[in-house]
Amino acid sequence: MNILGVNAHHADAAACIVRDGILVAAAEEERFRRIKHWAGFPTMAVSSCLDEAKLSLRDIDCIAINRNGRANLVRKFSYVLSNRPSVKLLTDRLHHRRQWAGAAEQLLEAFPQDHFAGRFMHVEHHFAHLASAFYASNFPESVAVSVDGFGDFASAAWGWGSGTALSLDGRVLFPHSLGIFYQAMTQYLGFPNYGDEYKLMGLAAYGAPSAVNEVRPLVSLKRDGTFRLDLRFFRHHRESIAYEWSGGEPTCGELFSSELEALLGPRRLSNQPLTDRHRDLAFATQAVFEEAFFHFLEALSSRYSSDALVLAGGCAYNSVANGKIVRRTPFKKVYLQSAAGDAGGAIGAAYAAWHRTGGERAAPMAHAYWGPGYSDEELAACAAAHQSALATEKCQVRQFDAEANLFETVAHAIADGQVIGWFQGRMEWGPRALGNRSILGDPRRADMKDILNLKIKRRESFRPFAPSVLREAVADWFEYDDDVPFMMQVLPIKPDRRPKIPAVTHVDGTGRLQTVTAATNPRYHGLITAFGRLTGVPMILNTSFNENEPVVCRPEEALDCFLRTKMDMLVLGRTVITRNLRKTDTARDADALIKA
Ligand SMILES: [Fe+2]
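Every chain's residues receive numbers from 1 upward, in the order its sequence appears when written. A pLDDT threshold of at least 70 governs which residues receive local features in this predicted model, and a stricter bar of 80 or more applies before side-chain atom pairs are shown or counted, although totals over entire chains, interfaces and linings include all residues. Hydrogen atoms and water are omitted, and side-chain values are computed over all heavy atoms in the structure.

**Digging into the packing of helix H6 (residues 125-134) against helix H14 (residues 345-356)**
Using the following cut-off: To get an axis, fit a line to the C-alpha atoms, keeping to the stretch in contact for a helix; angles then go from 0 to 180 degrees between the N-to-C directions. Only DSSP runs of H or I reaching four residues or more are called helices, and only runs of E reaching two or more are called strands; each is numbered from the N terminus. Throughout this description, any angle smaller than 35 degrees is read as roughly parallel, any larger than 145 degrees as roughly antiparallel, any in the 65 to 115 degree range as roughly perpendicular, and the remainder as oblique. Any pair of residues with heavy atoms lying within 4.5 Å of one another is described as a contacting pair. In this count, Pro and Cys sit with the nonpolar residues alongside Ala, Val, Leu, Ile, Met, Phe, Trp and Tyr, while Asp, Glu, Lys and Arg are called charged and the others, Gly among them, polar.
The interhelical angle for the contact between H6 and H14, taken along N-to-C directions, is 85 degrees, at an axis separation of 7 Å. It follows that H6 is roughly perpendicular to H14 by the angle criterion. Every residue of H14 that contacts H6 at Phe127, Ala128, Ala131 and Ser132 is listed here: Gly345, Ile347, Gly348, Ala349, Tyr351 and Ala352. For the contact of H6 with H14, a count of residues per class yields seven nonpolar, three polar and no charged.

What follows is the structure, encoded as structure tokens:
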């Protein structure tokens, strides 16, 4: 049975193919459209997934969608009757619903020769989140939790997974939402773009607890483990917030009210400098989020008497909070799949559809490499096709037949302070580059963060870079010893190790860990092993392969990014392209840039 899973008309539009319960392809539309968080109907991701699975739309038995307009209908009507929200808010919701109803027509338009004859299955937004986490995990039983902005009138949900069965046992309904709380505070602190919450999370580590008591009244904790917003400080429940989901970069209007500015002072505009007050408010936001999040998880742990947790939803990208779950709650085993947010709803809907037909539990998702892929030969051909552009930049192109030589060469370049574009195999599913579409650097160099920030990323200096660590070496470097394959948890680095890896140690002594195994990515594991042999440090700094754009998808985009930045080396499969730089040029360039 071939199921096409879709997250559409929402941010991070995405598609996947699940064949007989096994994930075979998954990708986000933003990578093909080259617009971050692209929202609309993901025709290019559908096309790519069909290609990867060697299927056509005719072969698809079911299209599973992570939205069900009928879910929570009674609660929606009773809310409208008792709260009388604005007419604009209601008409916007109806418009959004009509976009969804046109999915069949949009498929027909995008694939006119390829007739879909199967059926559509609508899966409640939060059930899809729970399914994306539980069925992708290898847990036979676990509590399943979704914490989010909103979907199908709910902001959070919980349930119990056991074997092939998964229940949705409760919800936190509109208008109360931890995702909205965090997003509103992100906007208030001058980060207005969709998906900017991770900036606030990075900034929080620089703050002090001075403002926690001021922010705490925004979220109250209920005895049953759930939470409520103090709605005086928000607008989303009474006015139409200008959301845009219909084919482009998603945008979201202002979520906080003037009462928030009366409480905390004037908002920060995005062009204003960051002060200690802003850093403390970021700290307070993260602290209040964590209080509510752990209060919620603790109640669920005792309700189900379980120490295993699977987690999804937009707030599941709060890797700082995720890294504290084991220490702060009774849960001892935690699993998140790589696209924990709304893109992941595509695989959740597909898994749910499979299990509704009585399908067996299939292989857990142990890696994230489900996107479009390229062979070494295709990558070599791509480099050859760009020979003249590379010659203009005085680049050398070399082929490596032996992987060991490739690893040694790249490891030495990293140890020399060079910045490497590393492009291999199939693209990652989810927002993190995990060793197939990555930019790599030396974690030991204190100036590496500045080199990357100034030469390529041009991003805020307070945002940390992350380490990819050999799984077998994790316990030597981190105060943790378990699999974290998708970079979803920020964990404490052992205090005596922190000075050895300053480029990946955040200001609070933590690191956003990715564990790497030979079984799931042998080439990346081989490279880190070679670097470890050379330096005694079995990890590499890993950041996404992009420059203020979605992560690169095709090798042409990697080449383009390499040529327009000051990256030193580009590795496409076994093809290595180097700029004609002397060994010390990278460090000297960086010094000049930093002084400038
Ligand atoms: Fe969601």
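**Here's the deal with the nonpolar core**
For soluble globular proteins, nonpolar side chains are generally found buried alongside one another. Put simply, the rule reads: In these notes, a set of buried Ala, Val, Leu, Ile, Met, Phe, Trp, Tyr and Cys residues joined through side-chain atoms within 4.5 Å is what counts as a nonpolar core. Buried residues are those whose accessible area, probed at 1.4 Å on protein chains only, stays under 20% of the maximum for their type, while exposed residues exceed 50% and partly exposed ones sit between those limits.
In terms of nonpolar packing, the biggest core is built from 112 residues, with Val145 and Phe181 touching the most fellow members. The dominant element in this core, judged by the number of residues it contributes, is helix H11 (residues 276-304), at 13 residues. One finds Leu513, Ile528, Phe545 and Val571 within the second-largest nonpolar core, a separate group that totals 60 residues.

**Brief notes about the coordination of the iron ion**
Basically, it comes down to this: Sites may look incomplete, because water is not among the atoms used; the donor set itself consists of N, O and S atoms within 2.8 Å of the metal (3.2 Å for Na, K and Ca).
At the metal site, the iron ion is ligated by His125 (NE2), His129 (NE2), Asp148 (OD) and Asp342 (OD), and these contacts range over 1.9 to 2.2 Å. Donor residues for the iron ion, ordered by position in the chain, follow H-x3-H-x18-D-x193-D. Here Asp148 is found in strand E6 (residues 141-151), whereas its partner Asp342 is found in the loop between strand E12 (333-335) and H14, with 194 residues between them in sequence. On the basis of relative accessibility, which here comes to 4%, the residue Asp148 falls in the buried class.

**So, unusual backbone geometry**
Put simply, Phe174 and Pro175 share a cis peptide bond, and its omega is 10 degrees. Its place among the elements puts Pro175 in the loop between strand E8 (165-173) and helix H7 (178-188).

**With respect to the pairing of E8**
Inclusion rule: We treat two strands as partners when DSSP finds at least two bridges between them.
Pairing between strand E7 (residues 154-162) and E8: eight bridges, direction antiparallel. Bridging across to E8, Trp160 finds its partner in Ser167. Connecting E7 to the next strand, E8, in antiparallel fashion are two residues, including Gly163 with a positive phi near 60 degrees.

**Notes on the confidence of the model for the protein**
As a reminder of what qualifies: Residue-level confidence of the predictor is summarised by pLDDT, bounded by 0 at the bottom and 100 at the top.
Per-residue pLDDT for the protein averages 92, and the proportion of residues at 70 or more is 91%. Low pLDDT, under 50, characterises residues 590-596; the predicted model gives this stretch five contacts beyond four residues in sequence or across chains.

**Observations concerning the sheet that holds E12**
Strands sit in the order E8-E7-E6-E11-E12 across an open sheet of five strands; the sheet is mixed. The sheet is open, and its two edges are formed by E8 and E12, each paired on a single side. Taking each pair of neighbouring strands and ignoring which way they run, the sheet shows an average axis angle of 20 degrees. Summarising the sheet, E6 and strand E11 (residues 308-312) pair through four bridges and their orientation is parallel. Counted as the bridge partner of Val143 is Leu309 from E11. Most of the contacts of H6 go to E6, to which it runs at about 140 degrees, and overall it touches E6, E7, E8, E11 and E12.

**Thoughts on the packing of helix H15 (residues 376-385) against helix H21 (residues 555-564)**
We apply this condition: Handedness of each helix crossing follows the sense of rotation of the near helix against the far helix: counterclockwise by less than a right angle gives left-handed, clockwise gives right-handed.
At a minimum axis separation of 10 Å, H15 and H21 run at an interaxial angle of 45 degrees. As judged from the angle between their axes, H15 and H21 are oblique. Of the two elements, H15 crosses H21, and the hand of that crossing is right-handed. Contacts between H15 and H21 involve Leu379, Cys382 and Ala383 from the first element and Pro555, Glu556 and Leu559 from the second. Residues belonging to the contact of H15 with H21 are distributed by class as follows: five nonpolar, no polar and one charged.

**Structural notes on the pairing of E6**
For a regular strand, the rule is simple: side chains alternate between the two faces of the sheet. Among the eleven residues in E6, ten count as buried, and that is most of the element. The loop that links E6 with its antiparallel partner E7 comprises two residues; one of these, Asp152, has a positive phi angle of about 50 degrees.

**Let's talk about the packing of aromatic side chains**
Selection rule: Side-chain rings of Phe, Tyr and Trp (the six-membered ring for Trp) are treated as a pair once their centres are within 6.5 Å; stacked means planes under 30 degrees apart, edge-to-face means over 60, and tilted covers the remaining angles. Working rule: Lys NZ or Arg CZ, within 6 Å of ring centre, within 35 degrees of ring normal, means a charge sits over the ring.
Under the criterion given, the structure shown has 16 aromatic pairs. On the basis of an interplanar angle of 80 degrees and a centroid distance of 5.6 Å, the ring pair of Trp158 and Phe296 is categorised as edge-to-face. With Trp158 in strand E7 and Phe296 in helix H11, the pair connects residues that are 138 residues apart, well separated along the chain. By relative accessible area, which is 7% here, Trp158 ends up buried. Three or more aromatic residues joined by ring pairs form one cluster here, namely Tyr182, Phe289, Phe293 and Phe294. Positioned over the ring face of Trp38 is Arg33, at 4.1 Å from the centre of the ring. Above the plane of the ring of Phe423 lies Arg437, whose end atom (NZ or CZ) is 3.8 Å from the centre.

**Description of the side chain of Asp148**
So the rule is basically this: The convention is simple: Lys and Arg are positive, Asp and Glu are negative, and His and the chain ends are not counted. Salt bridges are defined by distance alone: a side-chain nitrogen of Lys or Arg within 4 Å of a carboxyl oxygen of Asp or Glu. We define a polar contact as two N or O atoms separated by no more than 3.5 Å, with the added condition that, inside protein, one atom must be a possible hydrogen donor and the other a possible acceptor, whereas residues neighbouring each other in sequence contribute only through side-chain atom pairs.
Buried within the structure, Asp148 lacks any salt-bridge partner; its nearest side chain of opposite charge belongs to Arg67, at an N-O separation of 11 Å. Side chain to side chain, Asp148 and His129 meet in a polar contact 3.0 Å long. A polar side-chain atom of Asp148 sits 3.2 Å from the main-chain amide nitrogen of Gly314. Beyond its immediate stretch of four places on either side in the chain, Asp148 contacts His125, His126, His129, Ser155, Ser177, Leu178, Gly179, Gly313, Gly314, Cys315 and Asp342.

**Observations concerning the pattern of salt bridges**
Applying the stated rule across the entire model yields 33 salt bridges. A salt bridge links Glu290 to Arg328; the shortest N-O distance between them is 3.9 Å. Highlighted residues: Glu290 in helix H11 and Arg328 in helix H13 (residues 325-328), separated in sequence by 38 residues. Given a relative accessible area of 4%, Glu290 falls into the buried group. The partner of Asp483 in a salt bridge is Arg471, and the shortest N-O contact between them spans 2.6 Å. Taken as a pair, Asp483 in the loop between helix H19 (474-477) and strand E19 (489-492) and Arg471 in the loop between strand E18 (466-470) and H19 lie far apart in primary sequence, twelve residues in all. Relative accessible area serves as the criterion here: at 43%, Asp483 is assigned to the partly exposed category. The class of Arg471 is buried, set by a relative accessible area of 18%. What you see here is one network of salt bridges that share partners, running through Arg34, Glu547, Glu549, Arg554, Glu556, Glu557, Asp560 and Arg564.

**Section: the layout of surface pockets**
The line we're drawing: Both site types are read off a 1 Å grid over the protein atoms alone. A 1.4 Å probe that fits but cannot get out defines a cavity, while an open set with protein on both sides within 12 Å along at least five of seven lines defines a pocket; lining residues have an atom within 4 Å of a point. Grid points are joined across faces, edges and corners, and a volume is the space filled by probe spheres set on the points.
If you add up the space inside the second largest pocket, you get close to 450 Å³. Lining of the second largest pocket is provided by 22 residues; of these, Asn138, Tyr335, Asp483, Val484 and Pro485 occupy positions nearest its centre. Looking at the lining of the second largest pocket, the element that brings in the most residues is E12, giving three residues.

**Considerations on the environment of Glu290**
Put simply, Glu290 and Arg328 are 38 residues apart on the chain and 9.6 Å apart in space, counted from C-alpha to C-alpha. Setting aside its immediate chain neighbours within four residues, Glu290 contacts Val320, Ala321, Lys324 and Arg328.

**What about empty space enclosed by the protein?**
By rolling a water-sized probe across the atoms, one finds the places where empty space is left. All told, the structure shown has two cavities of 30 Å³ or more when counted by the stated rule. In this structure, the largest cavity spans a volume of roughly 80 Å³. In terms of lining residues, the largest cavity is bounded by 14 residues, among which Tyr369, Pro485, Gln514, Thr515 and Thr520 are the most central. In terms of residues, the lining of the largest cavity owes the most to one element, strand E20 (residues 510-516), which gives three residues. Put simply, the second largest cavity is a space of about 40 Å³. Considering the residues around the second largest cavity, the lining is formed by Gln183, Thr186, Gln187, Phe191, Pro192, Asn193, Tyr194, Gly195, Asp196, Glu197 and Cys252. Take the lining of the second largest cavity: its biggest share by element is three residues, from H7. Taken together, the residues that form the lining of the second largest cavity break down as four nonpolar, five polar and two charged.

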